[in-house]
Amino acid sequence: MAISKSPEILGSTATVTSISQSDSDDNLFSLRRRTTTTAIAGTRAPDPDDSGNGEAVDDRDRVESNEIPSTSDIRFTYLPRVPAHRRIKESPLSSDAIFKQSHAGLFNLCIVVLVAVNSRLIIENLMKYGLLIRSGFWFSSRSLSDWPLFMCCLTLPIFPLAAFVVEKFVQQNYISEPVVVFLHIIISTTAVFYPVIVNLRCDSAVLSGIALMLFACIVWLKLVSYAHTNNDMRALAKSAEKGSAEHSYDVSFKSLVYFMVAPTLCYQLSYPRTPAVRKSWVIRQFIKLIIFTGLMGFIIEQYINPIVQNSQHPLKGNLLYAIERILKLSVPNLYVWLCMFYCFFHLWLNILAELLRFGDREFYRDWWNAKTVEEYWRMWNMPVHKWMVRHIYFPCLRNGIPKGVAMVIAFLVSSAFHELCIAVPCHMFKLWAFIGIMFQVPLVLVTNYLQNKFRSSMVGNMIFWIIFCILGQPMCVLLYYHDLMNRKGKAD
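Described in the following lines is the structure provided in the data block. Each residue is numbered by its place in its chain's sequence as written, counting from 1. Reporting in this predicted model follows two pLDDT cut-offs: at least 70 for local features of residues, and 80 or more for side-chain atom pairs to be given and counted; totals over whole chains, interfaces and linings ignore these cut-offs and use all residues. The basis for every side-chain value is the complete set of heavy atoms in the structure, and neither hydrogens nor water enter the calculation.

1. With respect to the layout of surface pockets
The method works on a 1 Å grid over the protein atoms by themselves. A cavity is a set of points holding a 1.4 Å probe that cannot get out, a pocket is an open set with protein on both sides within 12 Å along at least five of seven lines, and residues with an atom within 4 Å of a point line them. Grid points are joined across faces, edges and corners, and a volume is the space filled by probe spheres set on the points. A volume near 1700 Å³ is recorded for the second largest pocket. Surrounding the second largest pocket, 41 residues form its lining, L114, N118, V331, Y335 and L338 being those nearest its centre. Helix and strand definitions follow DSSP, with helices as H or I runs of at least four residues and strands as E runs of at least two, each counted in order from the N terminus. When contributions to the lining of the second largest pocket are tallied by element, the ones reaching two or more residues are α3 (104–129), α9 (279–309), α10 (319–356) and α16 (457–491). Here the lining of the second largest pocket is built from residues that sort into 30 nonpolar, seven polar and four charged. Under the convention adopted here, Pro, Cys and the residues Ala, Val, Leu, Ile, Met, Phe, Trp and Tyr are nonpolar, Asp, Glu, Lys and Arg are charged, and Gly plus all remaining residues are polar.

Encoded structure:
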């Protein structure tokens with residue numbers, strides 16, 4: 001069948017050359033239109049996607065791309081004789097198209113729902129239980145009993161000073177290399193065991209003990225980096241490149257002092273520096289730090305403490321009850337953990353970096369998008385990750401240790417320090433933190449396998465959130481709380 005009618009558009013002549021309909025069951029037809037060189041201005045060039053179908057591209061495409069046609073073009077837009085369905089398209093939520101578009105609106109909806117639901121829960125909790133924050137939450141008469149821990153914290157800078165003296169002696173060739181290694185081992189080991197002894201001999205608050213042990217572990221990590229880096233620079237200075245200014249070996253007290261207070265665990269003679277301190281920016285960050293610290297205290301006192309106190313030991317009581325307590329604890333525990341991360345890794349480290357004009361502020365990466373557990377441990381704590389890679393992982397590889405064994409060694413060191421920071425202030429060694437960190441090794445293997453098998457970033461990410469934040473941390477909180485209460489009950 002042929003159509004000989006030729007429509008005119010604003011003086012332009014468009015000739016319909018042919019419309020053919022096949023005799024097949026598909027009843028497909030093709031409309032070909034050729035316009036003359038005097039076609040109206042503004043007619044769009046053919047879309048490459050449409051060329052395969054032999055279809056004309058006109059003002060319909062403008063409507064589909066949210067372009068508003070001019071007044072004169074409205075007469076010829078969406079004419080009944082023109083096909084409305086011209087391409088193969090997927091629904092926005094289909095599996096082939098869901099990840100090819102923005103979900104900003106759904107993200108905003110989740111935030112609105114999250115705020116609304118949690119606001120209702122907060123109001124309901126306050127109406128039912130009242131304000132549970134004690135008057136002595138921030139400071140009480142018992143805090144005065146923590147003065148031995150505070151004095152221990154003030155004396156820890158003695159150890160970096162001793163390490164500096166050792167490096168000065170070896171620079172002047174007063175002591176040999178084996179003696180230097182032995183002295184650094186003694187200094188760094190004492191820097192950890194001295195706070196451990198003080199913690200165990202004093203019946204102080206658990207939070208104060210954790211703060212002291214964290215500070216002691218940071219000092220230990222810095223001392224190891226200081227000794228290891230100086231050892232490497234001495235070896236380089238004694239090599240054939242000794243005369244090069246780039247490899248000069250210097251022991252500077254000023255560099256050591258800056259390193260000990262800087263937000264890094266890796267020693268070097270100089271760091272990238274910013275030009276000036278933004279005082280107003282620092283004040284804003286301090287205000288945020290105070291607000292989020294108060295929010296953590298509110299969640300702990302109002303939600304976590306009542307849940308934990310009304311629970312049973314997860315390994316000794318009813319299984320279903322233990323699962324219910326863990327799931328109920330998981331949400332406020334997750335909020336506290338996220339607030340802690342934001343307060344320390346973003347606010348506090350950036351404040352410290354700004355005051356010291358420390359330039360490299362990559363204290364974390366987008367760990368929340370981690371596809372595997374291994375990626376998470378590489379991204380969530382960059383100062384520790386850089387220290388592990390620089391002073392444990394690659395030294396193991398250079399000494400012929402396989403990659404898998406080197407990874408296990410790195411997790412062993414991390415497990416030991418996690419256990420020290422929790423078990424010592426609690427005055428008990430149940431190894432829950434140690435087991436929890438070492439359990440990450442098989443999780444690394446499992447999530448890597450799933451990522452390679454399914455090629456999906458969602459599988460490993462969901463496993464990380466479920467195991468680490470929903471189940472792992474609440475389980476550890478309950479285990480340590482009930483073991484601590486049992487220890488205090490036996491002591492009384």
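2. What about the packing of helix α13 (residues 403–426) against helix α15 (residues 440–454)?
Two packed helices can be described by the angle between their axes and the distance between those axes. In the contact formed by α13 and α15, the axes pass within 10 Å of each other and the chain directions differ by 135°. The orientation of α13 with respect to α15, classified from their angle, is oblique. Of α15, the residues touching α13 (which contributes M407, V408 and F411) are Q440, V441 and V444. Tallied by class, the residues present in the contact of α13 with α15 amount to five nonpolar, one polar and no charged. With axes taken as lines fitted to C-alpha atoms, and helix axes fitted only over the stretch in contact, angles between N-to-C directions fall between 0 and 180 degrees. Orientation labels follow simple angle bins: below 35 degrees gives roughly parallel, above 145 gives roughly antiparallel, 65 to 115 gives roughly perpendicular, and whatever is left gives oblique. In what follows, a contact means two residues having at least one pair of non-hydrogen atoms within 4.5 Å.

3. Description of the packing of aromatic side chains
Only rings of Phe, Tyr and Trp enter the pairing, Trp through its six-membered ring, and a pair is recorded when the two centres are within 6.5 Å. The plane angle decides the type: under 30 degrees is stacked, over 60 is edge-to-face, the rest tilted. Across all of its chains, the model carries 27 aromatic pairs by this definition. The interplanar angle of 50° and the centroid separation of 6.3 Å between the aromatic rings of F159 and Y194 together place this pair among those described as tilted. In this pair, F159 sits in helix α5 (residues 158–171) while Y194 sits in helix α6 (residues 177–201), placing the two residues 35 residues apart along the sequence. Residue F159 is classed as buried on the basis of its relative accessible area of 12%. With 6.3 Å between their ring centres and 75° between their planes, F298 and Y303 make a pair best called edge-to-face. Exposure is judged per residue with a 1.4 Å probe applied to protein chains only, and the accessible area is read against the type maximum: over 50% gives exposed, under 20% gives buried, and values in between give partly exposed. What makes F298 buried here is its relative accessible area of 17%. By the ring-pair criterion, three or more aromatic residues cluster together here, those being W337, F341, F344, F345, Y364, W367, W368, Y376, W377, W380, F411 and W465.

Read these as spatial facts, not as claims about activity.
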